[in-house]
Amino acid sequence: MQKEQIHSNGSVRHAEKRRIGTCEFANRIARISLDVFRSSVPQSYRDVHKQTCVAAIVAHFKNTDVDEGGVGETKEKGMGHLQVMGLGVGTKFLSDDIISERDNHYGTRVRDCHAEVLARRAFRRQIALELLDDLRCNNKMNDAEKRVDTAIENNASDETIRRQKPRCRYRLRPNVTLHFYASSAPCGNATLKKFTKMEKEIFDTSLGADEWPHEIHEPIAAHSLRLGQFALLVKKETQQQQQQQQQQQQQQQQCQKRGKKKKSKTWPCNENDTWCPPSCSITNFNRGTIHSCSDKLCRWNCLGLQGSLLMAVLEAPLYMTTLTVGRKFSRAICKRAVCCRAEGFPSLRKEFRVNHPVLMETSVYVDETGIVLVLFGLSWFI
């Protein structure tokens, strides 16, 4: 019998897998997002939910005259200013049974509480507040007195605003870009590690702290459509709700079989959801009704982050310039999930297009202190 020590004294196991990152700008986006998260979310919640998901939409002001930097960031000379426009924290969502209850709270609940969705909701609210603030102050302040730390500006002259105030148009400032941060890969297609080759990131030392890479997304070969390569997925409900939905589905299938003599051939990806990520299912299995965050990000890269209500007063959609991801990042998979599978998106309006953001990985961790000390380990050989 022989024993061998397989861990040296003082070895550690990190709560988050070590990663390299893409560039320093991605780390800046992650740092300011997490600084706002730590300053806004109570310590009691963070102690219990150390591995929660955090998402944020950050505005980058290039060479502005803003006096103060973002929360947790010290502005350096010659560097752009970062400002968090919306922050979201969460991994839960409401079931279809709860949301459809016709009680006093009907219409007041937030259905999807995943971090990416909440961050976009907060971003849209912030943009709406900026527009309202501009409308209130437009006739009281001159151009020199107006705020310079807003991401949106009015592109019409004063005479036009006085003549057609209800139809005033706004746009993103020329020196402002929007950057999306997610502490983990979005649920759905972005976590489906199939149909492509994955590679590790290489940190680009040639880029400064205020620069991000320029990336061209090559078209993806749709060679596995029948296996679910571009499939839309839904967030899977709990087991009890699934059983109820499965019973309803079986009843519907029995009714369909009575009216049909021949069964049409289906794609393999529509026969079961065993190939899906654990938290997702296919749309026709009635195991969920909320699209995954990957699908929603893909939609936002087609229609913009602003939503239909704000689009009525905006000159053009608000697209993200970069997408920074922490855990479970894979460039090839994220390209497929959040934009490239929508190539060929038909739009009747010329301002809409398929936006291909620059994809980046960050080496900044949500839970940097969450490590497990391993003093020693023994392996026995007989």
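Residues numbered from 1 in each chain as written. Predicted model: local features only at pLDDT ≥ 70, side-chain atom pairs only at ≥ 80, totals over all residues. Heavy atoms only, no water.

Observations concerning the pairing of strand S12 (residues 322–327)
- With respect to burial, S12 is a largely interior element, six of its six residues being buried.
- Of the pairings in the sheet, the one linking strand S9 (residues 176–184) to S12 comprises five bridges and is parallel in character. Following the sheet pairing, Tyr-181 is matched in S12 by Thr-324.
- Bridge count for S12 against strand S13 (residues 358–361) is four bridges, and the pairing is parallel. Following the sheet pairing, Val-325 is matched in S13 by Glu-361.
- Taking the sense of rotation as the criterion, the β-α-β connection linking S12, helix H9 (residues 331–338) and S13 turns out right-handed. (Buried < 20%, exposed > 50% of the residue type's maximum accessible area, 1.4 Å probe, protein only. Helix = DSSP H or I, 4+ residues; strand = E, 2+ residues; numbered from the N terminus. Pairing = 2+ DSSP bridges. Right-handed = clockwise from strand over helix to strand, strands pointing away.)

Regarding the packing of aromatic side chains
- Applying the stated criterion across every chain, the model contains two aromatic pairs.
- Pairing Phe-25 with Trp-212 gives two aromatic rings, centres 4.8 Å apart and planes at 45 degrees, and the pair type is tilted. Note that Phe-25 is positioned in helix H1 (residues 24–40) and Trp-212 in the loop between S9 and strand S10 (233–235), a separation of 187 residues in sequence.
- The ring centre of Tyr-365 lies 3.7 Å from the NZ or CZ of Arg-18, which sits over that ring. (Phe/Tyr/Trp six-rings, centres within 6.5 Å; stacked < 30°, edge-to-face > 60°. Lys NZ or Arg CZ within 6 Å of the ring centre and 35° of its normal.)

Things to note about H1
- If you check H1, its first and last C-alpha atoms are 24 Å apart, about what 17 residues at 1.5 Å a residue would give, namely 24 Å.
- Among the residues of H1, Phe-25, Ala-26, Asn-27, Arg-28, Ile-29, Ala-30, Ile-32, Ser-33, Leu-34, Val-36 and Phe-37 are the ones counted as buried.
- On its buried side, H1 packs onto helix H2 (43–48), strand S3 (54–61), strand S4 (81–89), S9, S12 and S13. (Expected span 1.5 Å × (residues − 1). Contact = heavy atoms within 4.5 Å.)

Overview of the pattern of salt bridges
- Counted by the stated rule, this structure contains eleven salt bridges.
- The salt bridge involving Asp-210 is made with Arg-28; its shortest N-O contact spans 2.9 Å. On the criterion of sequence distance, the pair formed by Asp-210 in the loop between S9 and S10 and Arg-28 in helix H1 is long-range, its members being 182 residues apart.
- Classification of Arg-28 by relative accessible area gives buried; the value is 8%.
- Between Glu-201 and Arg-331 there is a salt bridge, with its nearest N and O atoms 2.7 Å apart. Pair noted here: Glu-201 is in the loop between S9 and S10 and Arg-331 is in helix H9, with a separation of 130 residues, a long-range link.
- Residue Glu-201 is classed as buried on the basis of its relative accessible area of 11%.
- One connected set of salt bridges, linked through shared partners, spans Asp-112, Lys-235 and Lys-296. (Salt bridge = Lys/Arg side-chain N within 4 Å of Asp/Glu carboxyl O.)

Observations concerning the nonpolar core
- In terms of nonpolar packing, the biggest core is built from 35 residues, with Phe-123, Ile-127, Ile-152, Phe-180, Leu-305, Leu-323 and Val-338 touching the most fellow members.
- Here the element with the most residues in this core is helix H4 (residues 115–137); it accounts for five residues.
- Excluding residues within four positions of it along the chain, Phe-180 makes contact with Ala-55, Ala-56, Ile-57, Glu-116, Leu-297, Trp-300, Leu-305, Met-320, Thr-322, Leu-323 and Thr-324.
- Of all hydrophobic cores here, the second largest spans 22 residues; its members include Phe-25, Leu-34, Leu-207 and Met-360. (Core = buried A, V, L, I, M, F, W, Y, C linked by side-chain atoms within 4.5 Å.)

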